[in-house]
Amino acid sequence: MKYLYVSDLDGTLLRSDAVTSEYTNHVINDLTEKGMVFSYATARSVITAKQVTRGLCAKIPMIVYNGAFIIDNRTETILSANYFDKTVRDVLEDLSDHEIFPIVYAFIEEKERFSYIPEKCTRGMISFLDSRKGDIRTNAVSTPEALKEGNIFYITCIDEPWKLEPFYEKYKNIYHCVYQKDMYSGEQWLEIMPEAATKSNAVIQLKELLGCDKLIVFGDGKNDLDMFEIADECYAVSNAVEALKERATAVIGSNDEDGVAKWLVQNYL
């Protein structure tokens, strides 16, 4: 029986300082050398995911942007992709009509970019963009129309809850939407993705791609719920949201206690 192990990153595999610990790196590298099939599924991009997991040597594909892409970890080749259709431009217009100007991720002229209007940035957006200074994907634009360029695959709104919640309610049954507070900044985020861009869909594809029979997953947030629903076993770290704990096979140690790595040490072999 071949098992696929998939972990969320932020709040699960990463400690509160937003990196994997030396202990977690050692455990996962050692077990993958012994044959464990391990990957991660994250809302992060390839660039930032690799930065925070720098000590990991897992070589199988990874799931990024909450399931929008499956990427080969070695070559960074896109193995599976989900883009919006043209109706996303109506969503962006709807948002701008209500003074919400998001960060929009797209491939523009075959290069990945995240576009934003500097003059329209909220406090939370400024903080997020400051953490991405020097990122080659940065694309400052001057008009809402410019946010609609390229093949769009991810929209991030960081604003006041009273502005964002109505749009979550409006679009949650049309697209894949995640509405939650960022665990590091406490800012309210609304993320809008293509309907097929979910961790669960990507994990199912990865499981088939790797020829695995069983799926074991680890997580902490609302965006891990769909992944928990399709897993054979699912484990919530002790710092996870209550909704995830209620769905979990069991609750394990927290992210700051290297809960995932310690579970793997006790249970993998």
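Use the structure listed above.
Each value, and the rule that gives it
Residues numbered from 1 in each chain as written. Predicted model: local features only at pLDDT ≥ 70, side-chain atom pairs only at ≥ 80, totals over all residues. Heavy atoms only, no water. Buried < 20%, exposed > 50% of the residue type's maximum accessible area, 1.4 Å probe, protein only. Helix = DSSP H or I, 4+ residues; strand = E, 2+ residues; numbered from the N terminus. Pairing = 2+ DSSP bridges. Contact = heavy atoms within 4.5 Å. 1 Å grid on protein atoms, 1.4 Å probe; cavity = no way out; pocket = protein on both sides within 12 Å on 5 of 7 lines; lining within 4 Å. Points joined across faces, edges and corners; volume = space filled by probe spheres on them. Nonpolar A, V, L, I, M, F, W, Y, C, P; charged D, E, K, R; others polar. Arc of directions from axis to C-beta. Phe/Tyr/Trp six-rings, centres within 6.5 Å; stacked < 30°, edge-to-face > 60°. Axes fitted to C-alpha atoms, helices over the stretch in contact; angles between N-to-C directions. Left-handed = near helix turned anticlockwise from the far one by under 90°.

**A closer look at the pairing of strand β13 (residues 233-237)**
Each regular strand carries side chains that alternate between the two faces of the sheet. For β13, a buried count of 4 out of 5 residues is recorded, marking the element as mostly surrounded by other parts of the structure. By the bridge criterion, 4 bridges tie strand β12 (residues 214-219) to β13 in an arrangement that is parallel. Considered in β13, the bridge of Val217 is made with Cys234. Bridge count for β13 against strand β14 (residues 250-252) is 3 bridges, and the pairing is parallel. When the bridges of β14 are listed, Tyr235 appears paired with Ala250.

**Concerning the environment of Lys245**
Note on placement: Lys245 falls in helix α9 (residues 242-247). In contact with Lys245, other than residues within four places in its own chain, are Ala236, Val237, Ser238, Ala240 and Val251.

**Here's the deal with empty space enclosed by the protein**
Tallied over the entire structure, the rule returns 1 cavity of 30 Å³ or more. Every residue lining the largest cavity is listed: Leu92, Glu93, Ser96, Ile100, Phe101, Pro102, Pro144, Leu147 and Lys148. Of the residues assigned to the lining of the largest cavity, the class counts are 6 nonpolar, 1 polar and 2 charged.

**Points about helix α6 (residues 161-171)**
Restricting attention to buried positions, one finds in α6 the residues Lys163, Leu164, Phe167 and Tyr171. Seen along its axis, α6 keeps its buried residues to an arc of 80°; they face one direction. The secondary structure elements touched by the buried residues of α6 are α4 (88-97), β9 (151-158), β10 (176-181) and β11 (188-193).

**Things to note about the layout of surface pockets**
Quantified by volume, the largest pocket comes out at close to 950 Å³. Taken together, 42 residues line the largest pocket, and the ones lying closest to its centre are Asp10, Arg44, Asp182, Tyr184 and Trp189. At the level of elements, α1 (9-13), α3 (46-52), α5 (123-130), β9, β10 and β11 are the ones that each hand at least two residues to the lining of the largest pocket. Split into classes, the residues belonging to the lining of the largest pocket amount to 13 nonpolar, 15 polar and 14 charged. Volume-wise, the second largest pocket comes out at about 310 Å³. What lines the second largest pocket is a set of 16 residues, and nearest its centre among them are Ile47, Glu76, Phe107, Glu112 and Arg137. Elements with a minimum of two residues in the lining of the second largest pocket: α3, β4 (69-71) and β7 (111-116).

**Looking at the packing of aromatic side chains**
For the coordinates displayed, the defined rule picks out 23 aromatic pairs. Plain terms: the ring middles of Tyr65 and Tyr154 are 5.4 Å apart, the flat faces sit at 50° to each other, and that makes the pair tilted. Highlighted residues: Tyr65 in the loop between β3 (62-64) and β4 and Tyr154 in strand β9, separated in sequence by 89 residues. As far as the burial class goes, Tyr65 and Tyr154 line up, both buried. Ring geometry for Tyr171 and Tyr175: centres 5.9 Å apart, planes at 50°, overall tilted.

**What to know about the packing of helix α2 (residues 22-33) against helix α10 (residues 259-267)**
Following both chains from N to C, one finds α2 and α10 inclined at 35°, their axes separated by 9 Å at the closest point. In terms of crossing hand, the pair formed by α2 and α10 is left-handed. Across the interface between the two elements, Tyr23, Thr24, Val27, Ile28 and Leu31 of α2 pack against Ala261, Lys262, Leu264 and Val265 of α10.

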